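Chain residues, written in single-letter form:
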Amino acid sequence: MPGNHPGFPRFAPDVSPTRTLIRSADVGEHYFAEQPQAQSRPGSVDLVLPDLHLRLATDRGMFSPDRIDLGTRVLLETVPPPPAGGDLLDLGCGYGPIALTMASRSPQAIVWGVDVNERALGCGRRNAQAAGLDNVRFCLSDQMPADPRFAAIWSNPPIRIGKQALHDLLTAWLPRLAPGGRAHLVVQKNLGSDSLQRWLGAQGWPAERIASRAGYRVLAVDPKDAP
Ligand SMILES: C[S@@+](CC[C@H](N)C(=O)[O-])C[C@H]1O[C@@H](n2cnc3c(N)ncnc32)[C@H](O)[C@@H]1O
């Protein structure tokens, strides 16, 4: 089974609903720095899902390097299976837990992981190679080829960049959903999931809450002019 990687031992998932990493402790920079200044300190986390177990390389200066973020876990445990083929997008991929899960669940698809943090992208590439997942590409957002339309977009979006920047980000990427495609976004209720849902609807992207767990909402977003 493509999602099984027997070289990785099983560990109990290590998640804490009370801890949200928003800054690198080393230098106080944000996790979305393009070139993190925090001194490199390689680490690893275990991504344990019913269908997949990966040990992922992480480092300082990126989002949630010590454990899989709870929001990411809620998304991966509740989202419907991705389309079997086509281009799929993880918007704000970090070291790649979402992109790699999509790649494992849809081995015939091409998965794109985009981010602004080059160190995180480097971890993502190493993680794909270690997992033997050759259908995933990690690249800077501004190096993403213009043509692909995405059959699915999954994202734990960077809420901390600020409301306007988040709206700009979604306005840039959601129009790239293919007809019939769907985006799934996980957002903490305390960080504005409900107002984001309203904003999406007001922009013409119908957004439906498909899951609510541990203080997180998973929103499913359809393209504009979806039937
Ligand atoms: C909440 S983190 C999620 C990371 C990863 N997907 C995970 O689940 O662990 C959001 C990510 O968005 C990235 N990001 C911030 N601004 C971005 C932008 N303009 N375009 C793409 N990614 C961005 C951050 O660097 C960060 O890695």
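Here the structure is shown first, and the text comes after it.
Just so you know, these numbers come straight off a predicted model, no measurement behind them.

### Let's talk about the overall build of the protein
For the protein, the helix and strand inventory stands at five helices and nine strands. The linear arrangement of helices and strands in the protein, starting from the amino end, is β-β-α-β-α-β-α-β-β-α-β-α-β-β. In the protein, which comprises 227 residues, the proportion classed as buried is 44%. The contacts in the protein between residues at least 6 apart in sequence include a share of 66% that link residues at least 24 apart.

### Section: the pairing of strand 8 (residues 207-213)
Judged from the six bridges that link them, strand 8 and strand 9 (residues 216-221) form a sheet pairing that is antiparallel. Across the sheet, Arg213 pairs through a bridge with Tyr216, a residue of strand 9. Counting the residues between successive antiparallel strands, the hairpin from strand 8 to strand 9 contains two residues, one of them, Ala214, with a positive phi of roughly 50 degrees.

### Quick word on the packing of helix 1 (residues 70-78) against helix 2 (residues 97-105)
Their axes nearest at 10 Å, the elements helix 1 and helix 2 cross at an angle of 15 degrees. Classed by the angle they form, the pair helix 1 and helix 2 counts as roughly parallel. The crossing of helix 1 and helix 2 is right-handed. Side by side, helix 1 and helix 2 meet where Thr72, Leu75 and Leu76 of the first sit next to Pro97, Ile98 and Thr101 of the second. Grouping the amino acids of the contact of helix 1 with helix 2 by side-chain chemistry returns four nonpolar, two polar and no charged.

### Structural notes on the sheet that holds strand 3 (residues 87-91)
Taking strand neighbours across the sheet as the criterion, the seven strands line up as 5-4-3-6-7-9-8 in an open arrangement whose pairing is mixed. Both edges of this open sheet fall to strand 5 (136-140) and strand 8, since each of them pairs with a single strand only. Strand-to-strand twist of the sheet, defined as the mean angle between neighbouring strand axes without regard to direction, takes the value 20 degrees. The sheet strands contacting helix 3 (residues 118-131) are strand 4 (110-115) and strand 5, and the helix crosses strand 5 at an angle near 170 degrees.

### So, the environment of Asp51
Here Asp51 lies in the loop between strand 1 (43-49) and strand 2 (52-58). Counting along the chain gives 54 residues from Asp51 to Arg105, while the straight-line C-alpha distance between them is 8.3 Å.

### Section: helix 5 (residues 193-202)
Buried within helix 5 are the following residues: Ser193, Leu196, Gln197 and Leu200. Looking straight down helix 5, one finds that the buried residues subtend no more than 105 degrees of arc, so they occupy a single side. Summarising the geometry of helix 5, the exposed residues directed more than 90 degrees from the buried face are Asp194, Ser195, Arg198 and Ala202. Positive phi appears at Gly204, one or two residues downstream of helix 5, with a value of about 100 degrees.

### Considerations on the environment of Gly201
For Gly201, the position within the fold is in helix 5. Each C-alpha atom, one on Gly201 and one on Lys224, is 9.5 Å from the other, the two residues being 23 residues apart in sequence. Those residues in contact with Gly201 that sit more than four places away from it in its chain are Pro206 and Ala207.

### Structural notes on unusual backbone geometry
Although it is not a glycine, Ser64 sits at a positive phi angle of roughly 50 degrees. Summarising the element assignment, Ser64 is placed in the loop between strand 2 and helix 1. Judged by C-beta crowding, with 21 C-beta atoms within 10 Å, Ser64 ranks as buried. Backbone geometry places Ala214, a non-glycine residue, at a positive phi of 50 degrees.

Reading the values: rules and limits
Residues numbered from 1 in each chain as written. Predicted model: local features only at pLDDT ≥ 70, side-chain atom pairs only at ≥ 80, totals over all residues. Helix = DSSP H or I, 4+ residues; strand = E, 2+ residues; numbered from the N terminus. Buried ≥ 20, exposed ≤ 12 C-beta atoms within 10 Å, placed from the backbone. Contact = placed C-beta atoms within 7 Å. Pairing = 2+ DSSP bridges. Axes fitted to C-alpha atoms, helices over the stretch in contact; angles between N-to-C directions. Parallel < 35°, antiparallel > 145°, perpendicular 65-115°, else oblique. Left-handed = near helix turned anticlockwise from the far one by under 90°. Nonpolar A, V, L, I, M, F, W, Y, C, P; charged D, E, K, R; others polar. Arc of directions from axis to C-beta.

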